[in-house]
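# Structure at a glance
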Amino acid sequence: MRQFVLHLAATVAVLVLISCTANHGNFTLVNKAMEPIARASVTVCGQTIELKNIQPNKSAEGYYTVKSDSHYSIQVEFQSGKKLHKDTGYVTNGMDFQHEIVITDSDIELTESK
């Protein structure tokens, strides 16, 4: 009986430890537009990641902690002043995520990273 109680206590401790560890997310923002991105803002899980000066055919990375279920709110301002905005995708608390955000001249697309 004592062995069973010790085993049960150890199992509960491990489960509590696992549930308290933070999960992480990251994304790569790829500029496939014809002009430079002056500023990009990505908000997810209550965290805003600011990226600046991304040239065409270049990329930048952002990192965040997955603290809750959430989605991406992406805002882009090109060097010309043109703006794009899109709410897309999702992240779920308890998992790690890696996404690719592709910016074109007229759209923002989110995909799983390869």
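Our structure's up above, just so we're on the same page.
A few points on the structure. (Residues numbered from 1 in each chain as written. Predicted model: local features only at pLDDT ≥ 70, side-chain atom pairs only at ≥ 80, totals over all residues. Heavy atoms only, no water.)

## As for the pairing of strand β5 (residues 70-78)
Here strand β2 (residues 37-44) pairs with β5 via six bridges, running antiparallel. Across the sheet, residue Ala40 finds its bridge partner in β5, namely Val76. Between β5 and strand β6 (residues 83-91), which pair antiparallel in sequence order, lie four residues; one of them, Gly81, sits at a positive phi of approximately 100°. (Pairing = 2+ DSSP bridges. Helix = DSSP H or I, 4+ residues; strand = E, 2+ residues; numbered from the N terminus.)

## Details of the packing of aromatic side chains
Between two aromatic rings, the relevant description is the distance of the centres plus the angle of the planes. One pass over the full model with this rule turns up two aromatic pairs. Here Phe27 and Tyr72 contribute two aromatic rings whose centre-to-centre distance is 6.4 Å and whose plane-to-plane angle is 90°, an arrangement assigned as edge-to-face. Pair noted here: Phe27 is in strand β1 (residues 23-31) and Tyr72 is in strand β5, with a separation of 45 residues, a long-range link. There is no split in this pair, since Phe27 and Tyr72 are both buried. Ring geometry for Tyr64 versus Tyr72: centroids 6.0 Å apart, planes at 90°, classification edge-to-face. The residues Tyr64 and Tyr72 share a single accessibility class, namely buried. Aromatic ring contacts, followed pair by pair, group Phe27, Tyr64 and Tyr72 into a single cluster. (Phe/Tyr/Trp six-rings, centres within 6.5 Å; stacked < 30°, edge-to-face > 60°. Buried < 20%, exposed > 50% of the residue type's maximum accessible area, 1.4 Å probe, protein only.)

## Quick word on the sheet that holds strand β3 (residues 47-54)
With respect to topology, four strands assemble into an open sheet ordered β3-β2-β5-β6, the strand pairing being antiparallel. Two strands close off the open sheet at either side, each with one partner strand: β3 and β6. Neighbour-to-neighbour, the strand axes of this sheet turn through a mean angle of 15°, independent of strand direction. In this sheet, β3 lies alongside β2 in antiparallel orientation, the contact comprising seven bridges. Each residue of the ladder has a partner; that of Ala40, found in β3, is Leu51. (Axes fitted to C-alpha atoms, helices over the stretch in contact; angles between N-to-C directions.)

## Some words on the pattern of salt bridges
Taken as a whole and judged by the stated rule, the model has two salt bridges. A salt bridge links Arg39 to Glu77; its shortest N-O distance comes to 2.9 Å. In this pair, Arg39 sits in strand β2 while Glu77 sits in strand β5, placing the two residues 38 residues apart along the sequence. For Glu77, a relative accessible area of 22% gives the class partly exposed. (Salt bridge = Lys/Arg side-chain N within 4 Å of Asp/Glu carboxyl O.)

## As for the pairing of strand β8 (residues 108-112)
Here strand β7 (residues 97-103) pairs with β8 via five bridges, running antiparallel. Each bridged residue has a counterpart across the sheet, and for Val102 the counterpart in β8 is Glu109. Between β7 and β8, which pair antiparallel and follow one another directly, the connecting turn spans four residues.

## Describing the nonpolar core
Phe27, Leu29, Tyr64, Tyr72, Val76, Ile101 and Ile103 are the most contacted members of the largest nonpolar core, which has 24 residues in total. Only β1, β2, β3, β4 (59-66), β5, β6 and β7 provide two or more residues apiece to this core. Setting aside its immediate chain neighbours within four residues, Leu29 contacts Ile37, Ala40, Val42, Leu51, Ile54, Lys58, Ser59, Ala60, Ile101 and Ile103. (Core = buried A, V, L, I, M, F, W, Y, C linked by side-chain atoms within 4.5 Å. Contact = heavy atoms within 4.5 Å.)

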